[in-house]
Amino acid sequence: MAWTREQMAARAAQQIRDGFYVNLGIGIPTLVANALPPGMTVSFQSENGMLGIGPFPYEGEEDPDLINAGKQTVTEVPDTSYFSSADSFAMIRGGHMDLSILGSMQVSEEGDIANWMVPGKMVKGMGGAMDLVAGAKEVIVLMEHVEKSGAPKLVTRCTLPLTGTHVTDFVITDLAVFEFTKRGGTLVLKELAPGVTLDEIKAKTEAKFEVGLA
Amino acid sequence: MRHKVYPDAKSALEGIVSDGMTIMAGGFGLCGIAENLIAAIRDLGPKHLTVVSNNCGVDDFGLGILLANGQIKKMISSYVGENKLFEQLYLAGDLELEFNPQGTLAERIRAGGAGIAGFYTKTGYGTIIAEGKPTREFNGQHYVLETGLVADLSIIKAWKADKEGNLVYRKTARNFNPMMATAGKITVVEVEELVEVGELDPENIHTPGIYVDRIVVEVGAEKRIEKVTTRKREEVK
């Protein structure tokens, strides 16, 4: 059985270490904040200018001046700091973020990511994604294993405009966990979701990968 | 003596907006946008504008109203996913768009305001963002040359100002405002509260008054929230 969005987020949360500073992208990555093991000190960064993000506010206490990068209302925690977008991306581009967890439309077998545009159809923009994949110490992609059409998202070479090249460390899908041996290195299948077979992964994955199941 | 305080947004912008100018507009989504100044630009009616802003508001609010009014020729932005009209105009070829990675956009503006002509960054290397731009290797890593960015006019939203234009922003409404305040040939600021000189703590000024040319006090701002997300009180343990 495939993992749910919450289970994917929980699996990604296992990669977080005590003390980490983490940036979470929009969508499934946002759920990772709720899946942290208790007792860990982890700070979440929001690229619009906030380090130390609290939970959603209570009803009636929303503050229009206090949002995350997904434009959702959030709250402060005791160690919160605010800063400008330039300071925020100095943090990201200067290599200070331990981990970036983001969604993607495609990931290639060399760790290239494409997640910001479908030419002629969908134009959203890269936001901070290009900066995050270029600057974070570790990059985890959280995405469905295949598109709604059934087309693989782990591909030989990305056909969509790239966000970054050779930037992925881990890929967690609803069916499996993959790790790159190094940036731009070999893609290795590490875990299968319960009930998912190697044959199913082979059928649904275009990218070349090695099998390193525990 | 300097006279930076204007009675309202329209009088602060009258005579300094013109067709074809480049305007930087602070804000992230609808957070930290200068609502009165945007409305005044709509009313004054300059056309063929190039607007530098991280986003372009939503269809009926923020910079979206200038888009809907046909005043914008080109946007320089990082993310336009919240604005359907924007996507339609762009895909139909009726709007020019220059995508910048968000950090590159922030740094280009910071550089522009600081007199730095260009800088090298890893962001965007190997993507279409780097096409046509010089690249260079430093310590075995690839970097792209990006240029500083300035504007004819910057419209800024701050929380508090004193009458000399020293500014304090509030929470995540700060975002692009401090850099844009430095990169406009003329910088006009809309504030929630105007205080006398000496009332702000000099240790906690976010933008020094040298960058600020004109100040207006915000009137009747909606401060719309794009995505209200809350938790129920019962969830408290």
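Residues numbered from 1 in each chain as written. Chains lettered and ligands numbered in written order. Predicted model: local features only at pLDDT ≥ 70, side-chain atom pairs only at ≥ 80, totals over all residues. Heavy atoms only, no water.

- An unreviewed UniProt entry lists chain A under the name 3-oxoacid CoA-transferase B subunit, from Xanthobacter flavus.
- Taken directly from UniProt, the Sequence similarities (unreviewed entry) text for chain A runs: "Belongs to the 3-oxoacid CoA-transferase subunit B family." (UniProt positions renumbered as here; feature names shortened; annotations may be inferred.)

**Overview of the overall build of chain B**
Part 1 of the reasoning: Counting its regular elements, chain B contains six helices and eleven strands.
Part 2 of the reasoning: For 237 residues, the compact-globule formula gives about 18 Å, and the C-alpha radius of gyration of chain B, at 19 Å, lands near that figure.
Part 3 of the reasoning: For chain B, the spread of C-alpha atoms along the principal axes amounts to about 55 × 50 × 40 Å.
Part 4 of the reasoning: Evaluated residue by residue, chain B yields a buried proportion of 51% over its 237 residues.
Part 5 of the reasoning: Intrachain contacts of chain B at a sequence separation of at least 6 include 73% that bridge at least 24 residues.
Part 6 of the reasoning: Each charge sign in chain B was given a centre, from 28 positive and 32 negative side chains, and these centres are 3 Å apart. (Helix = DSSP H or I, 4+ residues; strand = E, 2+ residues; numbered from the N terminus. Rg over C-alpha atoms; globule rule 2.2 N^0.38 Å. Buried < 20%, exposed > 50% of the residue type's maximum accessible area, 1.4 Å probe, protein only. Contact = heavy atoms within 4.5 Å. Lys, Arg positive; Asp, Glu negative; His and termini not counted. Charge placed at Lys NZ, Arg CZ, Asp CG, Glu CD.)

**Brief notes about unusual backbone geometry**
Part 1 of the reasoning: Here His166(A), not a glycine, exhibits a phi torsion of approximately 55°, which is positive.
Part 2 of the reasoning: At Lys171(B), a residue that is not glycine, the phi angle is positive and equals roughly 50°.
Part 3 of the reasoning: Take Lys171(B): it is sitting in the loop between strand S9 (167-168) and helix H6 (177-183).

**A closer look at the interface of chain A and chain B**
Part 1 of the reasoning: Listed as interface residues are 49 residues of chain A and, on the opposing side, 53 residues of chain B.
Part 2 of the reasoning: Three residues, Tyr58(A), Asp65(A) and Lys71(A), lead the burial of chain A against chain B; their summed loss comes to 18% of the area buried on that side.
Part 3 of the reasoning: Counting every contact that joins chain A to chain B gives seven salt bridges.
Part 4 of the reasoning: A salt bridge links Glu59(A) to Lys232(B), with the nearest nitrogen and oxygen atoms 3.4 Å apart.
Part 5 of the reasoning: Our count for the chain A to chain B interface comes out at 30 residue pairs in polar contact (both at pLDDT 80 or more).
Part 6 of the reasoning: Looking at the side of chain A that touches chain B, the elements that each hand over two or more residues are strand S4 (76-82), helix H2 (85-93), strand S9 (122-123) and helix H3 (129-135) of chain A.
Part 7 of the reasoning: Considering each element in turn, the side of chain A that touches chain B owes the most residues, four residues, to H2(A).
Part 8 of the reasoning: Of the residues assigned to the side of chain A that touches chain B, the class counts are 22 nonpolar, 15 polar and twelve charged. (Buried area = accessible area lost by both parts, 1.4 Å probe. Salt bridge = Lys/Arg side-chain N within 4 Å of Asp/Glu carboxyl O. Polar contact = N/O pair within 3.5 Å; in protein donor to acceptor, adjacent residues only side chain to side chain. Nonpolar A, V, L, I, M, F, W, Y, C, P; charged D, E, K, R; others polar.)

**Considering the packing of aromatic side chains**
Part 1 of the reasoning: On inspection of all chains with the given rule, the structure shows four aromatic pairs over all chains.
Part 2 of the reasoning: With centroids separated by 5.5 Å and ring planes inclined at 80°, the aromatic side chains of Phe178(A) and Phe209(A) adopt a geometry described as edge-to-face. Residue Phe178(A) is found in strand S13 (residues 176-180), and its partner Phe209(A) is found in the loop between helix H4 (198-204) and strand S15 (210-211); the two are separated by 31 residues along the sequence. Considered together, Phe178(A) and Phe209(A) belong to a single accessibility category, that of buried residues.
Part 3 of the reasoning: Between Tyr120(B) and Phe138(B) the ring centres are 5.2 Å apart and the planes differ by 65°, which places this aromatic pair in the edge-to-face class. Placement of Tyr120(B) in strand S5 (residues 118-121) and of Phe138(B) in strand S6 (residues 135-138) is noted, with a sequence separation of 18 residues between them. (Phe/Tyr/Trp six-rings, centres within 6.5 Å; stacked < 30°, edge-to-face > 60°.)

**Here's the deal with the side chain of Lys157(B)**
Residues and elements named next belong to chain B.
Part 1 of the reasoning: Assignment of secondary structure puts lysine 157 in strand S8 (residues 151-162).
Part 2 of the reasoning: The class for lysine 157 is buried, based on a relative accessible area of 6%.
Part 3 of the reasoning: Here the side chain of lysine 157 touches glutamate 192 through a polar contact of 2.9 Å, side chain to side chain.
Part 4 of the reasoning: In this view, lysine 157 contacts Gly32, Ile33, Ala34, Tyr169, Ala173, Asn177, Glu190, Glu192, Glu218 and Lys223; residues no more than four positions away in its chain are not counted.

**Some remarks on the nonpolar core**
Part 1 of the reasoning: With 47 residues, the main nonpolar core has Val22(A), Val32(A), Ile101(A) and Phe178(A) as its most contacted residues.
Part 2 of the reasoning: Ignoring sequence-local partners within four residues, the contact set of Phe178(A) consists of His145(A), Leu154(A), Asp169(A), Phe170(A), Val171(A), Leu187(A), Val188(A), Leu189(A), Lys190(A), Ile201(A), Thr205(A) and Phe209(A).
Part 3 of the reasoning: Counting residues in hydrophobic clusters, the runner-up holds 41 residues, among them Met130(A), Ala9(B), Val17(B) and Phe61(B). (Core = buried A, V, L, I, M, F, W, Y, C linked by side-chain atoms within 4.5 Å.)

**Regarding the pairing of strand S10 (residues 184-195) of chain B**
Residues and elements named next belong to chain B.
Part 1 of the reasoning: Bridging between S8 and S10 involves ten bridges; their strand directions are parallel. When the sheet's bridge partners are listed, isoleucine 155 is paired in S10 with valine 188.
Part 2 of the reasoning: Pairing analysis gives four bridges linking S10 to strand S11 (residues 214-217), with the strands arranged parallel. Residue pairing across strands places valine 188 opposite arginine 214, the latter belonging to S11. (Pairing = 2+ DSSP bridges.)

**Re the sheet that holds S5(B)**
In sheet architecture, strand pairing relies on hydrogen bonds along the backbone and comes in two forms, parallel and antiparallel.
Residue and element names in this part refer to chain B.
Part 1 of the reasoning: Pairing is antiparallel in the open sheet, where three strands are placed in the order S5-S7-S6. Two strands bound the open sheet, and with one partner strand each, they are S5 and S6. Along the sheet, successive strands turn relative to each other by an average axial angle of 35°, direction set aside.
Part 2 of the reasoning: Pairing analysis gives four bridges linking S6 to strand S7 (residues 141-147), with the strands arranged antiparallel. By the bridge assignment, phenylalanine 138 is partnered in S7 with glutamine 141.
Part 3 of the reasoning: Set on the sheet, helix H5 (residues 102-113) makes contact with S5 and S7; between it and S5 the angle comes to about 155°. (Axes fitted to C-alpha atoms, helices over the stretch in contact; angles between N-to-C directions.)

**Section: the sheet that holds strand S11 (residues 154-155) of chain A**
All names here are of chain A.
Part 1 of the reasoning: Taking strand neighbours across the sheet as the criterion, the three strands line up as S7-S6-S11 in an open arrangement whose pairing is mixed. A single partner strand is all that each edge strand has here, and the edge strands are strand S7 (113-114) and S11.
Part 2 of the reasoning: In terms of strand pairing, strand S6 (residues 106-108) meets S7 through two bridges, oriented antiparallel. Residue pairing for S7: valine 107 is matched across the bridge by isoleucine 113.

**Observations regarding the environment of Glu110(A)**
All names here are of chain A.
Part 1 of the reasoning: The residue glutamate 110 is located in the loop between S6 and S7 in this model.
Part 2 of the reasoning: The partly exposed category is assigned to glutamate 110, whose relative accessible area is 41%.
Part 3 of the reasoning: Separated by 3.1 Å, the side chains of glutamate 110 and histidine 166 make a polar contact.

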